[in-house]
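Observations on the model geometry
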Amino acid sequence: MGLVKYALKNLLRRPATVEDPAAIPVPDDYRGTVFMHRDECIWCLRCMKACPANSIIVDREKEVFVYKYMKCITCGICEDVCPTDAIEILPVPREAKYKREWLEY
Ligand code: SF4
Ligand code: SF4
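Residues numbered from 1 in each chain as written. Chains lettered and ligands numbered in written order. Predicted model: local features only at pLDDT ≥ 70, side-chain atom pairs only at ≥ 80, totals over all residues.

Here we take up the overall build of the protein chain. Scanning the protein chain from N- to C-terminus turns up 3 helices and 4 strands. Computed over its C-alpha atoms, the radius of gyration of the protein chain comes to 20 Å, more than 25% above the 13 Å expected for a compact globule of 105 residues. By its C-alpha atoms, the protein chain is 65 × 25 × 25 Å across when sized along the principal axes. Residues counted as buried form 12% of the 105 residues belonging to the protein chain. Partitioning the contacts of the protein chain with sequence separation of at least 6, the portion at a separation of at least 24 is 65%. (Helix = DSSP H or I, 4+ residues; strand = E, 2+ residues; numbered from the N terminus. Rg over C-alpha atoms; globule rule 2.2 N^0.38 Å. Buried ≥ 20, exposed ≤ 12 C-beta atoms within 10 Å, placed from the backbone. Contact = placed C-beta atoms within 7 Å.)

Listed below in structure tokens is the structure:
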């Protein structure tokens, strides 16, 4: 395709970006991300021990639950092993962040 034709074609295109990314519908095949309901957690560590990607860290003494979104492969094992249904995988996209470590919740 010639340069002029390519430029004209792109001039007529709608912008590839949107003002509000949250307005973009979540794709049907989006596998979701892990959410943890603190009130239902009994700090049994099962999710941390079962996670094949080491994306969950649970500190029973401090009652801290850390989920590393960038490591998660959305396999759903943590949701399956949790005895109290404290973990849920929901089709809610996480926000984009500037730094990898900011994607820990
Ligand atoms: S979905 Fe799988 S990889 Fe992600 S946190 Fe749960 S067990 Fe780990
Ligand atoms: S498996 Fe469920 S109850 Fe156990 S530590 Fe993980 S979130 Fe909490």
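There's more to say after this.
Time to look at the site of ligand 1. Taken together, Val34, Cys51, Ala53, Ser55, Ile56, Cys72, Ile73, Thr74, Cys75, Gly76, Ile77 and Cys78 make up the full set of residues near ligand 1. Classifying every residue of the shell around ligand 1 gives 9 nonpolar, 3 polar and no charged. (Near = placed C-beta within 6 Å. Nonpolar A, V, L, I, M, F, W, Y, C, P; charged D, E, K, R; others polar.)

Here we come to the nonpolar core. Formed by Val34, Cys47, Cys51, Ile56, Val58, Phe65, Tyr67, Cys72, Cys78, Cys82, Ala86 and Ile87, the largest nonpolar core amounts to 12 residues. Only β2 (56-59) and β3 (64-67) provide two or more residues apiece to this core. Not counting chain neighbours up to four residues away, the residues in contact with Cys47 comprise Ile56, Val58, Cys78, Val81, Cys82 and Ile87. (Core = buried A, V, L, I, M, F, W, Y, C linked by C-beta atoms within 7 Å.)

A word on the environment of Ser55. Position of Ser55 among the secondary structure elements: in the loop between α2 (46-50) and β2. When the C-alpha positions of Ser55 and Lys71 are compared, they lie 5.4 Å apart, and in sequence the two are 16 residues distant. Apart from residues lying up to four places away in sequence, Ser55 is in contact with Tyr67, Lys68, Lys71 and Cys72.

In this structure, Tyr69 sits in the loop between β3 and α3 (77-81). Residues Tyr69 and Ala96, 27 residues apart in the sequence, show an inter-C-alpha distance of 11 Å. Beyond its immediate stretch of four places on either side in the chain, Tyr69 contacts Thr33, Arg94, Leu103, Glu104 and Tyr105.

On average, residues of the protein chain score 90 in pLDDT, and 99% of them reach the 70 mark or higher. Mean pLDDT values for the elements of the protein chain range from 89 in helix α1 (residues 3-11) up to 98 in α2. (pLDDT = per-residue confidence, 0-100.)

So, about unusual backbone geometry. The backbone of Asn54 shows a phi angle near 50°, a positive value even though the residue is not glycine. Summarising the element assignment, Asn54 is placed in the loop between α2 and β2. Here Thr74, not a glycine, exhibits a phi torsion of approximately 55°, which is positive. For Thr74, the location among the structural elements is in the loop between β3 and α3.

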